[in-house]
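Here is what each chain is made of, one letter per residue.
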Amino acid sequence: MSETKQPRFSPQDITVVFLLGGPGSGKGTQSNNLVRDYAFTHLSAGDLLRAEQVREGSQYGDLIRSYIKEGKIVPMEITVALLSNAMAEALANKPKTGKDGKARFLIDGFPRKLDQAVFFEQTVCPSEMTLFLNCPEEVMEKRLLKRGETSGRDDDNAESIRKRFRVFVETSMPVVTAFEEQHKVVSVEATGGVDEVYQRIKEGVAHKGLLPVDN
Ligand code: ADP
Ligand code: C5P
Ligand code: MG
């Protein structure tokens, strides 16, 4: 008999929404809107990795730095552990909830690879929905080069951007396709202004029953 291990958190207690889209599609920007109106706790996998990269005493600093520069996907055990621990820490601080009383997590930039998706859902928590920001590469490239003027990020340069686009198409899009097959994806056109995109997001997630909370 195979051993069955329960995920760390149950979908009866928390709602997990994945936020995917190519680099520069606007995930971080729209997360701010979603946190404000939907009581999400926002966790960006990239932000958690960048924090771990510079954390004193981390054994993964150099590894993470080189993966990010090359736009490659960091081994999933590292990223999933960072997310799982950040979720536990957030829950210990009694976060806001939806009307259903469940804490809501918006997991930005994750899962970027099929193995991450499977491992996270088996060991941390099954997801409710994936919000996908669909954006042409020309638009994302323009945004990222502009962001690179001030972001200080090692990967906001033309060469890293090219590599990240490739990894996105080859490795991350199959995750979106897999969730689409489960009818769990809300796909939104991410061109146009920030407010315009957010309007589409609100309409899209409402169709799946996700509503703002009263402030
Ligand atoms: P991601 O987290 O998906 O990589 P960001 O939210 O960081 O993307 O956005 C990338 C850059 O584009 C940022 O500098 C941001 O201010 C800008 N940006 C985001 N959304 C839009 C938009 N709809 N129109 C123009 N610029 C945008
Ligand atoms: O999402 P963001 O653009 O901040 O991610 C930056 C980089 O972090 C990615 O290009 C990748 O190298 C790494 N990353 C990862 N796995 C994730 C999210 C980010 O390896 N799930
Ligand atoms: Mg981001």
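Because the structure is predicted, anything quoted here is derived from the model rather than measured.

Engineer: Would you mind showing me how to read the site of ligand 1 here?
Structural biologist: Inspection of the region around ligand 1 gives 13 residues, with Gly 24, Lys 27, Thr 29, Arg 147 and Gly 192 positioned closest. With respect to ligand 1, the backbone of Gly 192 contributes an N or O atom lying 2.9 Å from a nitrogen atom. About the coverage of ligand 1: the protein hides 73% of its 560 Å² of free accessible area. Under a 2 Å grid-point criterion requiring more than half of the atoms, the pocket assigned to ligand 1 is the largest pocket. Only helix H1 (27–38) and helix H6 (137–151) provide two or more residues apiece to the shell around ligand 1.

Engineer: Just checking my understanding: could you explain helix H8 (residues 194–207) for this structure?
Structural biologist: Residue pairs spaced three or four apart in an α-helix point in one direction, given the helix's 3.6 residues per turn. With 14 residues, H8 extends 20 Å from end C-alpha to end C-alpha; this agrees with the ideal 20 Å at 1.5 Å per step. Along H8, the positions that sit buried rather than exposed are Val 197, Tyr 198, Ile 201, Gly 204 and Val 205. Angularly, the buried residues of H8 cover 125° about the axis, an arc narrow enough to put them on a single face. Set apart from the buried face of H8 by more than 90 degrees, the exposed residues are Asp 195 and His 207. Each element contacted by the buried residues of H8 is listed here: H1, strand S4 (129–134) and strand S5 (185–189).

Engineer: Would you take a moment to explain the layout of surface pockets for this structure?
Structural biologist: Gaps left between atoms are located by rolling a probe of water-molecule size over the structure's atoms. By volume, the largest pocket is sized at about 780 Å³. Looking at the largest pocket, it is lined by 40 residues, and the ones nearest its centre are Lys 27, Arg 112, Arg 147, Arg 153 and Arg 164. Contributing elements (two or more residues each) for the lining of the largest pocket: H1, strand S2 (40–44), helix H2 (45–54), H6, helix H7 (158–181) and H8. Here the lining of the largest pocket gets five residues from one element, more than from any other, and that element is H2. Its residues assigned to classes, the lining of the largest pocket comprises 13 nonpolar, 16 polar and 11 charged.

Engineer: I would appreciate a short explanation of the side chain of Ser 172 in the present structure.
Structural biologist: You can see Ser 172 is positioned in helix H7. For Ser 172, a relative accessible area of 3% corresponds to the buried category. Residues contacting Ser 172, with those up to four places away along its chain left out, are Arg 112 and Val 167.

Engineer: Any chance you could explain the UniProt feature "binding site: ATP" (unreviewed entry) in the protein chain here in plain terms?
Structural biologist: Residues annotated by UniProt as "binding site: ATP" (unreviewed entry) correspond here to Gly 24, Ser 25, Gly 26, Lys 27, Gly 28, Thr 29, Arg 147 and Gly 192. In the annotated set above, the residues contributing to the lining of the largest pocket are Gly 24, Ser 25, Gly 26, Lys 27, Gly 28, Thr 29, Arg 147 and Gly 192. For Gly 26, the position within the fold is in the loop between strand S1 (14–21) and H1. Look at Gly 26 and you get buried, because its relative accessible area is 16%. Ignoring any residue separated from it by four or fewer positions in sequence, one finds Gly 26 in contact with Leu 133 and Arg 143. You can see Arg 147 is positioned in helix H6. Setting aside residues no more than four positions away along its own chain, Arg 147 makes contact with Arg 153, Asp 156 and Arg 164.

Engineer: Can you walk me through the site of ligand 2 in this structure?
Structural biologist: For ligand 2, the set of nearby residues contains 17 residues, the closest of which are Arg 50, Lys 72, Val 74, Gly 109 and Arg 112. Between ligand 2 and Lys 72 there is a distance of 2.7 Å, counted from an oxygen atom to a backbone nitrogen or oxygen. If you map ligand 2 onto the pockets, it falls in the largest pocket. Counting only elements with at least two residues in the shell around ligand 2, the list comes to H2 and helix H3 (61–70). Broken down by element, the shell around ligand 2 gets its largest block of residues, four residues, from H2. Residues of the shell around ligand 2, tallied by class, amount to seven nonpolar, four polar and six charged.

Conventions adopted
Residues numbered from 1 in each chain as written. Chains lettered and ligands numbered in written order. Predicted model: local features only at pLDDT ≥ 70, side-chain atom pairs only at ≥ 80, totals over all residues. Heavy atoms only, no water. Near = heavy atom within 4 Å. Polar contact = N/O pair within 3.5 Å; in protein donor to acceptor, adjacent residues only side chain to side chain. Areas by Shrake-Rupley, 256 points an atom, 1.4 Å probe, with all protein chains shown as cover. 1 Å grid on protein atoms, 1.4 Å probe; cavity = no way out; pocket = protein on both sides within 12 Å on 5 of 7 lines; lining within 4 Å. Sits in = over half its atoms within 2 Å of the grid points. Helix = DSSP H or I, 4+ residues; strand = E, 2+ residues; numbered from the N terminus. Expected span 1.5 Å × (residues − 1). Buried < 20%, exposed > 50% of the residue type's maximum accessible area, 1.4 Å probe, protein only. Arc of directions from axis to C-beta. Contact = heavy atoms within 4.5 Å. Points joined across faces, edges and corners; volume = space filled by probe spheres on them. Nonpolar A, V, L, I, M, F, W, Y, C, P; charged D, E, K, R; others polar. UniProt positions renumbered as here; feature names shortened; annotations may be inferred.

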